[in-house]
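Observations on the model geometry
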Amino acid sequence: MKVAYEKPKVEKGVKSDLELTHAEKKELFALVLKSRIFDERFRKLFRAGRFAGTYFSGVGQEATTVVPCYNLQPQDFVGPSHRELGCSIARSPLKQIAAQIYARSHSPDKGKSHPCSYGYKPSNIITPAFTIG
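None of the values given here were measured: they were computed from a predicted structure.

**Here we look at the nonpolar core**
If you look at the biggest cluster of nonpolar residues, it comprises 16 residues, and the most contacted ones within it are Phe38, Phe42, Tyr55, Leu85, Ile97, Ile101 and Tyr118. At the level of elements, α1 (22–47), α2 (62–70), α3 (85–91) and α4 (94–101) are the ones that each hand at least two residues to this core. Filtering out sequence-adjacent residues up to four positions away, Phe42 remains in contact with Phe51, Tyr55, Ala98, Ile101 and Tyr102. Among the nonpolar cores identified, the runner-up in size contains five residues, and Cys69, Val78, Cys87 and Tyr120 belong to it.

Here it is, written out as structure tokens:
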């Protein structure tokens, strides 16, 4: 007995929650690109000795950090790790991230955290804690 394959029936005009509009795709691409450019710039500045501490680059991992944070609601909390710059770029101002990297007193952490401890209270980004040993 031969069984014919039947295509699943899909209602026309029904959009999946996972689909993005063209404008959203462009915005996501811009955020991923911004994350890459920002990361590469600070990696070069670190190698040139322009700020103290260490720098953990996330080059190649931009989409894995930007996209999940992009899809969160503003009231959602996120706790990124040290290589998850894209998460902060998706939710907080670049000026604040740069101030944290340079350990400035006007940064969200008042210059007291590790350069790659990106946190920003207004966007519900929890600053990661590092053990100093």
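**Topic: empty space enclosed by the protein**
Across all of its chains, the model carries one cavity of 30 Å³ or more by this definition. Empty space within the largest cavity amounts to approximately 40 Å³. Forming the walls of the largest cavity are Ser35, Asp39, Gly58, Gln61, Glu62, Thr65, Arg83, Leu85 and Gly86. If you list the elements that add at least two residues to the lining of the largest cavity, you get α1, α2 and α3.

**Some remarks on the packing of α1 against α4**
Orientation of α1 relative to α4, taken along the N-to-C sense of each, is 25°, at an axis distance of 12 Å. Here α1 is positioned roughly parallel relative to α4, judged by the angle of their axes. Judged by the sense of rotation from one axis to the other, the crossing of α1 with α4 is right-handed. Between α1, through Lys34, Phe38 and Phe42, and α4, the contact on the second element is made entirely by Leu94, Ile97, Ala98 and Ile101. Among the residues making up the contact of α1 with α4, the classes are represented as six nonpolar, no polar and one charged.

**Here's the deal with the packing of aromatic side chains**
By the definition in use, this model includes six aromatic pairs. Relative to Phe42, the ring of Phe38 has its centre 4.7 Å away and its plane inclined at 40°; by these criteria the two rings are tilted. Here Phe38 pairs with Phe42, and both are found in helix α1, just four residues apart, close to one helical turn. According to the relative accessible area criterion, Phe38 is buried, its value standing at 11%.

**Notes on α2**
When α2 is considered as a whole, its buried residues turn out to be Glu62, Thr65, Val66, Cys69 and Tyr70. For α2, the arc enclosing every buried residue in end-on projection is 120°, short of the 170-degree limit, so these residues lie on one face.

**Observations concerning the pattern of salt bridges**
Summed over the entire model, instances satisfying the criterion amount to two salt bridges. Two residues, Glu40 and Arg36, come together in a salt bridge whose shortest N-O distance is 3.7 Å. Highlighted residues: Glu40 and Arg36, both in helix α1, separated by four residues, approximately one helical turn. Take Glu40: its relative accessible area is 29%, and that puts it in the partly exposed class. Classification of Arg36 by relative accessible area gives partly exposed; the value is 29%. Arg36 is paired through a salt bridge with Glu62; the nearest N and O atoms lie 2.6 Å apart. Taken together, the residues span a long stretch of sequence, with Arg36 in helix α1 and Glu62 in helix α2 at a distance of 26 residues. Salt bridges sharing common partners tie together Arg36, Glu40 and Glu62.

Cut-off values and rules
- Residues numbered from 1 in each chain as written.
- Predicted model: local features only at pLDDT ≥ 70, side-chain atom pairs only at ≥ 80, totals over all residues.
- Heavy atoms only, no water.
- Core = buried A, V, L, I, M, F, W, Y, C linked by side-chain atoms within 4.5 Å.
- Buried < 20%, exposed > 50% of the residue type's maximum accessible area, 1.4 Å probe, protein only.
- Helix = DSSP H or I, 4+ residues; strand = E, 2+ residues; numbered from the N terminus.
- Contact = heavy atoms within 4.5 Å.
- 1 Å grid on protein atoms, 1.4 Å probe; cavity = no way out; pocket = protein on both sides within 12 Å on 5 of 7 lines; lining within 4 Å.
- Points joined across faces, edges and corners; volume = space filled by probe spheres on them.
- Axes fitted to C-alpha atoms, helices over the stretch in contact; angles between N-to-C directions.
- Parallel < 35°, antiparallel > 145°, perpendicular 65-115°, else oblique.
- Left-handed = near helix turned anticlockwise from the far one by under 90°.
- Nonpolar A, V, L, I, M, F, W, Y, C, P; charged D, E, K, R; others polar.
- Phe/Tyr/Trp six-rings, centres within 6.5 Å; stacked < 30°, edge-to-face > 60°.
- Arc of directions from axis to C-beta.
- Salt bridge = Lys/Arg side-chain N within 4 Å of Asp/Glu carboxyl O.

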